[in-house]
Amino acid sequence: MDMNLLKVFVGVVNKKSISLASNELKCSQSNVTSRIKQLEKILGLELFYRVPKGVILTEYGERFYPKALELIYKMEDAITSLTNEESLTYLRVGSNEVFAAIKISPFLMKLHEDFPNTQLELFTGTTKYVTEMLLDYKVDIAFISGEPKSDKLVILKKIEEEIGLLEPREGNTPNVTLTFKEGCAYAEFLKDYYKQRNLHVEKSLFFGSLDTILSCIKVGMGKSLLPTSIVKKMGYDKDIKITVLDKKEANIPTCLVCRKDFIPKISEYLKGMEI
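Each chain has its residues counted from 1, following the order in which its sequence is written. Only residues with pLDDT of at least 70 are given local features in this predicted model, and only at 80 or more are side-chain atom pairs given and counted; all residues enter the totals for whole chains, interfaces and linings. Calculation of side-chain values draws on the structure's entire complement of heavy atoms; hydrogens and water are dropped beforehand.

## Focus: the overall build of the chain
A tally of helices and strands in the chain yields 11 helices and 12 strands. Considered along the principal axes of its C-alpha atoms, the chain spans approximately 65 × 45 × 30 Å. Exposure is judged per residue with a 1.4 Å probe applied to protein chains only, and the accessible area is read against the type maximum: over 50% gives exposed, under 20% gives buried, and values in between give partly exposed. Buried positions account for 45% of the 275 residues belonging to the chain. Working rule for contacts: check all heavy atoms of both residues, and any pair within 4.5 Å makes them a contact. Long-range pairs, those at least 24 residues apart, make up 76% of the contacts in the chain with a sequence separation of at least 6. Only the protein chains shown count as cover for residues, and all accessible areas are computed by the Shrake-Rupley method using a 1.4 Å probe. Total accessible area computed for the chain in this model is approximately 15,100 Å², and 50% of it derives from carbon and sulfur atoms. Between the mean site of the 39 positive side-chain charges and the mean site of the 37 negative ones, the chain shows a separation of 3 Å. By definition, any uninterrupted DSSP run of H or I lasting at least four residues is a helix, any uninterrupted run of E lasting at least two residues is a strand, and each is numbered from the N terminus. As used throughout, the charge tally considers Lys and Arg to be positive and Asp and Glu to be negative, leaving His and the chain termini uncounted. A single reference atom marks each charge: NZ on Lys, CZ on Arg, CG on Asp, CD on Glu.

Right, here's the structure in full:
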């Protein structure tokens, strides 16, 4: 199958629009439409529904999308390995917000120092978000909270974390949880933590900044759960009460993971890297 057909398909999926995809791919809308029809004819399946604001995937399109991504990246990786076996020209890194806030900069600086010709790109979000990016071949490696749940992923490096329940130092604190948005592993653990103890959560507040979460805990707005190393590095350990949880109760390591079928060339380097 022509790889260009797959790339056009993926481009339309990502943009949810034939016109926007044509701009991205630098070709005419009619060309994109023709290629999509050609791909649908080859497969004998309808991949898109046309809607007023663009296009959406059919059930077949949803199932075909990850396969198309896999074929594209495997082909590109095969070509790269044949043309230049030793070099790593591009590395896309995903990271959950907590690791990105403190630890990702030294990691990227070390990579840049040791691989000066490699272009680095960073994507941040919740553990759920960056895991989905990794499964969709949109990043090459990712730092996630907790061990991966998908059998398509493999751990390159595990960083053990001491987990603490964070509360204001003074006053009666309401059972309000202060966390990142849905998909954050720490938020999900905290929710289960209270549920197992039959403690009622009055409200859940979501923020996009680690500093905001810690500041709100400091002034008594609520509670959270995070690695204690992060709290200390950000200088809040003297302002916030930290109750360290037993590892048997809260085992949430930070894991550097990649796809089993798309292991980066520098995997051995990453496994031995001090983080």
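## What to know about the pattern of salt bridges
By salt bridge we mean one thing: a side-chain nitrogen of Lys or Arg within 4 Å of a carboxyl oxygen of Asp or Glu. Applying the stated criterion to the full structure yields 14 salt bridges. As a salt-bridge pair, Glu161 and Lys103 come within 3.4 Å of each other at their nearest N and O atoms. Linking Glu161 in the loop between strand 6 (153–159) and strand 7 (163–168) with Lys103 in the loop between helix 5 (97–102) and helix 6 (104–114), this pair joins segments that are 58 residues apart in sequence. Take Glu161: its relative accessible area is 11%, and that puts it in the buried class. Residue Lys223 is joined to Glu167 by a salt bridge in which the shortest nitrogen-to-oxygen separation is 3.5 Å.

## Re the sheet that holds strand 6
The five strands are arranged 4-3-5-12-6 in an open sheet whose pairing can be described as mixed. Each edge of the open sheet carries a strand with a single partner, namely strand 4 (119–125) and strand 6. On average, each strand axis in the sheet is tilted by 25° relative to the strand beside it, whichever way the strands run. Here strand 3 (residues 90–96) runs beside strand 5 (residues 141–145); their pairing, made up of three bridges, is parallel. Strands are labelled as partners when DSSP assigns at least two bridges between them. A fitted line through C-alpha atoms represents every axis, and for helices the fit uses only the stretch in contact; the resulting angles, taken between N-to-C directions, go from 0 to 180 degrees.

## Observations regarding helix 8 (residues 185–196)
End to end, helix 8 covers 16 Å across 12 residues, agreeing with the expected 16 Å (1.5 Å per residue, within 8%). Here helix 8 has its buried residues at Ala185, Tyr186, Ala187, Phe189, Leu190, Tyr193 and Tyr194. Where helix 8 terminates, the next one or two residues include Asn198, which has phi positive at roughly 55°. By this rule, a helix spans an expected 1.5 Å times one less than how many residues it contains.

Taken by themselves, the reported measurements are silent on function.
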